[in-house]
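Fold and contact review
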Amino acid sequence: MIKANVAIVGATGAVGVVIREILEDRNFPIDNLYLLASERSAGERVMFGDRSVVVENLADFDFAKADIALFSAGGDISAEYAPKAAAANCIVVDNTSHFRYDEDIPLVVTEVNPERIADYTNRGIIANPNCSTMQLLVALKPIQDAVGIEHINVCTYQAVSGSGQKAIEELARQTAELLNAKEITKKVYDKQIAFNVLPNIDAIQDNGYTKEEMKLVWETHKILEDASISVSPTAVRVPVFYGHSEAVHLKTRSPLSAQQAKELLEKAPGVTVIDDMSQLAYATPVTHASGQDDVFVSRIRNDVGIENGLAMWVVSDNVRKGAALNTVQIAEILVKDYL
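These numbers come from a predicted model, not from an experiment.

Brief notes about the packing of helix α1 (residues 14-25) against helix α8 (residues 320-337)
Angle between the axes and distance between the axes are the two parameters that describe a pair of packed helices. Contact geometry for α1 and α8: axes closest at 9 Å, N-to-C directions at 50°. On the basis of the axis angle, α1 is oblique to α8. Here α1 and α8 pass one another in a crossing that is right-handed. Within the contact between the two elements, α1 uses Val 15, Val 18, Ile 19, Glu 21, Ile 22, Leu 23 and Asp 25 and α8 uses Arg 320, Ala 323, Ala 324, Leu 325, Thr 327 and Val 328. A breakdown of the residues in the contact of α1 with α8 according to their chemical character gives 9 nonpolar, 1 polar and 3 charged.

Digging into the sheet that holds strand β9 (residues 230-237)
Taken together, the 6 strands give an open sheet; going across it, the order is β9-β8-β10-β15-β14-β11, and neighbouring strands pair in mixed fashion. Since the sheet does not close on itself, it has two edges, and those belong to β9 and β11 (271-273), each with one partner. Averaged over all neighbouring strand pairs, the angle between strand axes comes to 20°, with direction disregarded. Examined bridge by bridge, strand β10 (residues 244-252) and strand β15 (residues 309-316) share 8 bridges and lie antiparallel to one another. Along β15, the bridge assignment pairs Leu 250 with Leu 310.

Here we look at the nonpolar core
Side chains of a nonpolar character, in soluble globular proteins, are inclined to be buried together. By size, the foremost hydrophobic cluster in this structure holds 56 residues, and its most contacted members are Phe 63, Phe 71, Ile 152, Val 248, Leu 250, Val 297 and Met 312. The dominant element in this core, judged by the number of residues it contributes, is helix α3 (residues 131-147), at 8 residues. Discounting chain neighbours no more than four positions away, the residues touching Met 312 are Leu 140, Ile 143, Glu 246, Ala 247, Val 248, Leu 250, Leu 265, Val 297, Ser 298, Arg 299, Ile 300 and Arg 301. In this structure, Ala 4, Val 18, Ile 126 and Ala 331 belong to the second largest nonpolar core, which totals 35 residues.

Digging into the sheet that holds strand β5 (residues 68-71)
The sheet built from 7 strands is open, its strands ordered β3-β4-β2-β1-β5-β6-β7 with mixed pairing. Looking at which strands have only one partner, the edges of the open sheet turn out to be β3 (45-48) and β7 (125-127). Averaged over all adjacent pairs, the angle separating strand axes in this sheet is 25°, with direction ignored. Two elements, β3 and strand β4 (residues 51-57), share 4 bridges in a ladder whose sense is antiparallel. Opposite Met 47, over in β4, you have Ser 52 as the bridge partner.

Parameters at a glance
- Residues numbered from 1 in each chain as written.
- Predicted model: local features only at pLDDT ≥ 70, side-chain atom pairs only at ≥ 80, totals over all residues.
- Heavy atoms only, no water.
- Axes fitted to C-alpha atoms, helices over the stretch in contact; angles between N-to-C directions.
- Helix = DSSP H or I, 4+ residues; strand = E, 2+ residues; numbered from the N terminus.
- Parallel < 35°, antiparallel > 145°, perpendicular 65-115°, else oblique.
- Left-handed = near helix turned anticlockwise from the far one by under 90°.
- Contact = heavy atoms within 4.5 Å.
- Nonpolar A, V, L, I, M, F, W, Y, C, P; charged D, E, K, R; others polar.
- Pairing = 2+ DSSP bridges.
- Core = buried A, V, L, I, M, F, W, Y, C linked by side-chain atoms within 4.5 Å.
- Buried < 20%, exposed > 50% of the residue type's maximum accessible area, 1.4 Å probe, protein only.

Put into structure tokens, the structure is as follows:
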């Protein structure tokens, strides 16, 4: 495999740090590594393997020096700099929502639709989907391929790390305040998050759903290339640091037993099935997902409420698989098949 010149935009942020770790863990074939951040972080030194790499100011960087740029610094940054990188013949893998819904930009989950990476030639940009959509579709892809899916009802239980570092700090701070009988302070969320759940993630849309909920609809249709699948989403923020969970109920187009679904999922790439309730074997964000690459599926059962119904519990690390790992996996395919 050839070696690539790689730039990480947002290299000092929460996702950027994990991207660096994964590149190192997976021995990604890197020639030159460019770590880019705001002027505030420029000049810092970061170790990458046995290299000491200086963080550079994004505003001053020439993207012609890089083959691939991994963006994870917010939608406004991607909106400004991703087209500049693409114009310099640097392929962009973008972690933000800015380009996800553009028809000519591929939205890719490597275990689901890796063939769409080829469409990067349209604009030089590949979009990473929302973390909740990603883990959902990794789990549902084998079922869609086997019998088809007619309807998805999904309730997400999303960790505060999905809101960034300040939200992690807010949960920790509020927990300490409450345990010490102090009045809580809140800045990130409109209501207390410690020991609470908030059915409010992102902006409310005209139809009464939040944008986070509608992402599950839009992105499912685009990635599976099947707008006939109806999706009923509810997104909830919970007081967990890392790892999103989802309660998923499906109506399939043809019958599929829980045992057949389990066997399909056990063979699926990127999926680990932990499902033996007689031994209380089931996945949780803390005990299984946090810091791990796979999507974990538990409690696979036939839905007692509808014909051709399946139900399952899906858990994954929202920062790792939900953002950083998929980005690196896309870059690996780019190096292997397209550079």
